[in-house]
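Fold and geometry: a report
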Amino acid sequence: MKANEQTLTTAGKTDSGGTGAAKYGILGAFAAVLCCIGPLIPILLGVGGAATLFGLDKYKPWFIGLGLLILALASWMAVRKQNRCCAVRSVKRNVQTVATVFGVGIGAYLLLQFAVLPVVASYASDKLAREDAAEIAPDTDLSSASLTVEGMTCAACAIGVEQALRDMPGVKSAKVNWRTGEASVTYDAARTTPEALLKAKVESQYTLKLESN
């Protein structure tokens, strides 16, 4: 009877440790996408400073590395904790714990990167577009240009390029699709030219090119 109670207690502690470790898995995933989500937060809150944060994208491998480090540390702590509380060490149980942490972390990263981030970025882009539309004078004679953007890896990259294009003199609006690498810019032809748009201050990992007709 006592053996069964000890087994149940040990299992309960193991499950609790696995649940706690899974939380660190989510934390690791958030750290990995922070360079993409971080720049969008000031836009959504309507405060300044977003443009300076878009440069974080160039450090994306470091953020992913930070996320993996968090997962590794969480796995080590969870395994160490359950080995202390359990009378008999189990390699199978340790492997399951590590697999849980990394499984939750990687799954959460994919969810944030490819499901949540595009929705948040789309909302931020629409918010900026509404602000642009409100500033355009009704009698302004506008032209449009199509550009190709190379080097984008996520939806947040597109918002950063849009922001840089919008900051160009004469540009009234900009829309960038990170999947296709296409950018559509509306501008005042009396103030700028398509060639001048190539001088937009985008981050060094991006390249702007005019689409050939």
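Up top is the structure these notes are about.
All figures in this text were calculated on a predicted structure; none of them were measured in a lab.

A few points about the nonpolar core
- In this structure, Leu40, Leu147, Val149, Met152, Val161, Leu165 and Val176 are the most contacted members of the largest nonpolar core, which totals 41 residues.
- Secondary structure elements with two or more residues in this core: helix 1 (2–37), helix 2 (40–45), helix 5 (91–135), strand 1 (142–150), helix 6 (155–166), strand 2 (171–177) and strand 3 (182–188).
- Look past the residues within four positions of Val161 in its chain and what remains in contact with it is Val149, Met152, Val176, Val202, Tyr206 and Leu208.

Overview of the environment of Lys201
- Take Lys201: it is sitting in the loop between helix 7 (194–197) and strand 4 (207–210).
- Here Lys201 falls in the exposed class, since its relative accessible area comes to 77%.
- Placed 37 residues apart in sequence, Lys201 and Ala164 show a C-alpha to C-alpha distance of 5.7 Å.

Thoughts on the environment of Thr148
- Its place among the elements puts Thr148 in strand 1.
- For the pair Thr148 and Val176, spaced 28 residues apart in sequence, the C-alpha separation works out to 9.1 Å.
- When sequence neighbours within four positions are dropped, the list of residues in contact with Thr148 reads Gly181, Thr207, Leu208, Lys209 and Glu211.

Overview of the sheet that holds strand 3
- What the 4 strands build is an open sheet, ordered 2-3-1-4; its pairing is antiparallel. Two strands lie at the open edges of the sheet, namely strand 2 and strand 4, each paired on one side alone. Across the sheet, the mean angle separating the axes of adjacent strands is 30 degrees when strand polarity is ignored.
- As paired elements, strand 1 and strand 4 share 4 bridges and run antiparallel to each other. Note that in strand 4 the partner of Glu150 across the bridge is Thr207.

Quick notes on the state of the cysteines
- Counted under the stated rule, the structure contains 0 disulfides.
- With no disulfide of its own, Cys35 lies 3.9 Å from the sulfur of Cys36, the closest cysteine sulfur.
- This cysteine, Cys157, is not joined by any disulfide, and Cys154 carries the nearest cysteine sulfur, 3.7 Å off.
- Taking the relative accessible area as the measure of exposure, Cys157 reaches 2% and is therefore buried.

As for the side chain of Thr97
- Structurally, the position occupied by Thr97 is in helix 5.
- In this structure the side chain of Thr97 is engaged in a polar contact, spanning 3.0 Å, whose partner is the side chain of Gln82.

So, how was this worked out
- Residues numbered from 1 in each chain as written.
- Predicted model: local features only at pLDDT ≥ 70, side-chain atom pairs only at ≥ 80, totals over all residues.
- Heavy atoms only, no water.
- Core = buried A, V, L, I, M, F, W, Y, C linked by side-chain atoms within 4.5 Å.
- Buried < 20%, exposed > 50% of the residue type's maximum accessible area, 1.4 Å probe, protein only.
- Helix = DSSP H or I, 4+ residues; strand = E, 2+ residues; numbered from the N terminus.
- Contact = heavy atoms within 4.5 Å.
- Pairing = 2+ DSSP bridges.
- Axes fitted to C-alpha atoms, helices over the stretch in contact; angles between N-to-C directions.
- Disulfide = S-S within 2.5 Å.
- Polar contact = N/O pair within 3.5 Å; in protein donor to acceptor, adjacent residues only side chain to side chain.

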